[in-house]
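# Report on the structure
So the chains spell out like this:
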Amino acid sequence: MSTNVARTDDGWWVEHDGRLTRIATDATTTAELLADRPAVQKAAAAPDPEGPGLSDVSLVSPLTVPARLVAQMVNYRSHAGDSGIDPDTVPPAFFRKASGSVCGPTDAIRCPDHVGFLDYEIELGLVIGRRIDVGTVVSEDDLSDVVAGIVVTNDISARDIQLTRTQFYEAKSYPTFTPVGPFLTLVDAGELAALERLRLTLSVNGEIRQDSTVADMIVKPARALTLLARFQALDAGDLLLTGTPGGTALKSPGPVLEKIGALLPPAMKWKAFFKRQAGNPHYLKDGDVIAATITDPLRGIDLGQQHNIVRGPAHRAAR
C-alpha cells in the first residue's frame, strides 16, 4: 500500500486524509529517509489525529538536493505526434537537468527576462531507492528493488533556448524549472506493476492542457533504467523524469513548413518559427497558474497537487 511522505523546513511527515504525522527520524536527505523505512512505517501505522493539516504548513520538495536529475526525451506517443515524430521509430534518449532547478510544489516559477517562450511538461518522476551501478539490468520483476517512490514533476522549458541553441541543459535547468511534489509516494511492487493506470493532468488557469495515462509511455521504467545504466550510475535519492504526454505549447509546424524551414539558414528559420509561435496563447506568461496532478483513484494513489504561479516576464520577448 502506498505511503505519501511530505517534507517541511523542519522535518518529514506522513500524509493521511489531509493530516500530517511527524516521522521520528534524523534524516536530512531523501536518501537518508529512504534508508530509515522503519520510522516511516511507524508514522504511517499510527496517524496523528491532531497533526497539522496540509493547509497549515508550507511543503517543500520531498526530493532533496544535490541529486542527479535525468530526463527522458519524447517518451509518450502523444508527445511524439505533437513533435512530428513517428512514435514507433523515435530512439530512446536522455538529458540532464541541474539539481538547482528543483523547487517546491507551490513555489513561484521564475522566468528569466531573456526567455520569451516558456513551456510546461508534467512528468512522472521515479525516485531511486538504492544504487544502480553501470551495467545493471533492471527487469519488471525487480523494479521495486531500485525504485522507492514516485513524484509529480514539471519539466519547465525555455523553448527559445532549447531550439535555437540545441541546449536542453540550459533550457531546462534555470532555478525553479523543476517543481517536485508535494508528496514522495512510496510504492510497492504491485503498485509499480500498475503504473500504466496513473493519470497525468496539467492545467493552466483552470484549462486542461495535458491529460493522459502512463499507458501512452513509449519506453517503460524498467527498460529506461536499463538503458540509462549502460553509461550512468544512479544513487538513492536520484530522480528520473519519464517524459511528458502531448499537449505542451510547443508543437511541430507540420511537414510542409518543416521542409521549407530546412531550406533556410538557421537564423532565418528560427526567426520565422518564433514569429509564428508568438501567436500561440499556450506559452506561459506572468501570472499564469499551473496545476498538476498524478492519480490512480481505483488504487487509491494520489501524488498530490502542484500549484505554481509563473512570475515574469509579463510578455514574450520580441523576435
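Throughout what follows, the structure given in this document is the object of discussion. (Residues numbered from 1 in each chain as written. Predicted model: local features only at pLDDT ≥ 70, side-chain atom pairs only at ≥ 80, totals over all residues. Heavy atoms only, no water.)

Moving on, we get to the overall build of the protein chain. A count of helices and strands for the protein chain gives ten helices and 18 strands. Against the 2.2 N^0.38 benchmark of 20 Å for 319 residues, the protein chain shows a C-alpha radius of gyration of 20 Å, consistent with a compact globule. In terms of principal-axis extent, the alpha carbons of the protein chain reach across some 65 × 40 × 35 Å. When burial is assessed residue by residue, the protein chain has 54% of its 319 residues classed as buried. Put simply, of all contacts in the protein chain between residues at least 6 apart along the chain, 78% involve residues at least 24 apart. (Helix = DSSP H or I, 4+ residues; strand = E, 2+ residues; numbered from the N terminus. Rg over C-alpha atoms; globule rule 2.2 N^0.38 Å. Buried < 20%, exposed > 50% of the residue type's maximum accessible area, 1.4 Å probe, protein only. Contact = heavy atoms within 4.5 Å.)

It is worth spelling out the sheet that holds strand β9 (residues 122–128) at this point. Reading across from one edge, β3-β2-β1-β13-β10-β9-β16-β4-β5 is the order of the nine strands in this open sheet, with mixed pairing throughout. Sheet topology places β3 (19–22) and β5 (94–97) at the edges, where each strand pairs with a single neighbour. On average, adjacent strands in this sheet sit at an angle of 30 degrees to one another, irrespective of strand direction. Here strand β2 (residues 11–16) runs beside β3; their pairing, made up of four bridges, is antiparallel. Bridge pairing links V14 to T21 in β3. (Pairing = 2+ DSSP bridges. Axes fitted to C-alpha atoms, helices over the stretch in contact; angles between N-to-C directions.)

Turning our attention to the environment of R299. Tracing the backbone shows R299 in the loop between β17 (289–296) and β18 (301–311). Each residue touching R299, except ones within four places of it in the same chain, is listed here: G190, E191, A194 and R197.

In terms of nonpolar packing, the biggest core is built from 57 residues, with L118, L124 and L225 touching the most fellow members. Here the element with the most residues in this core is helix α8 (residues 221–228); it accounts for five residues. With sequence-adjacent residues up to four places away left out, L118 is seen in contact with I109, C111, I156, S157, A158, F177, Y283, L284 and V310. One finds V5, A27, L33 and V151 within the second-largest nonpolar core, a separate group that totals 24 residues. (Core = buried A, V, L, I, M, F, W, Y, C linked by side-chain atoms within 4.5 Å.)

Before going further, it helps to spend a moment on the pattern of salt bridges. Counted by the stated rule, this structure contains 16 salt bridges. Measuring nitrogen to oxygen at the nearest pair gives 2.9 Å for the salt bridge that ties D235 to R131. On the criterion of sequence distance, the pair formed by D235 in the loop between α8 and β16 (239–241) and R131 in the loop between β9 and α4 (143–146) is long-range, its members being 104 residues apart. Members of the salt-bridge network, linked through shared partners, are K97, D119, E121, D155, R159 and K172. (Salt bridge = Lys/Arg side-chain N within 4 Å of Asp/Glu carboxyl O.)

Moving on, we come to unusual backbone geometry. Omega for the peptide link from V65 to P66 comes to 10 degrees, which places this bond in the cis form. Mapped onto the secondary structure, P66 falls in the loop between α2 (37–45) and β4 (69–72). Put simply, G181 and P182 share a cis peptide bond, and its omega is 20 degrees. Its location among the elements puts P182 in the loop between β12 (178–179) and β13 (184–186). The backbone phi angle of D17 is positive, close to 50 degrees, even though this residue is not glycine. By the element assignment, D17 lies in the loop between β2 and β3. Its relative accessible area of 70% is what places D17 among the exposed residues.

Right, let's talk about the environment of A193 for a bit. Turning to its location among the elements, A193 is positioned in helix α7 (residues 189–193). Along the backbone, A193 and P38 are 155 residues apart, and their C-alpha atoms lie at a distance of 24 Å.

Moving on: the packing of aromatic side chains. For any pair of aromatic rings, the description consists of the separation of the ring centres together with the inter-plane angle of the planes. Following the criterion strictly, the structure yields four aromatic pairs and no others. With centroids separated by 6.3 Å and ring planes inclined at 65 degrees, the aromatic side chains of F94 and F231 adopt a geometry described as edge-to-face. Note that F94 is positioned in strand β5 and F231 in the loop between α8 and β16, a separation of 137 residues in sequence. Relative to F177, the ring of Y174 lies with its centre 5.3 Å away and its plane at 65 degrees, an arrangement referred to as edge-to-face. (Phe/Tyr/Trp six-rings, centres within 6.5 Å; stacked < 30°, edge-to-face > 60°.)

Quick look at the sheet that holds strand β7 (residues 109–110) now. An order of β7-β18-β17-β14-β15 is seen for the five strands of this open sheet, with the pairing classed as mixed. The outermost strands of the open sheet, each flanked by one partner alone, are β7 and β15 (207–213). Strand direction decides the pairing type here: β7 and β18, joined by two bridges, are parallel. In the strand pairing of β18, R110 is matched with R311.

Purely spatial values, then, with no claim about function.
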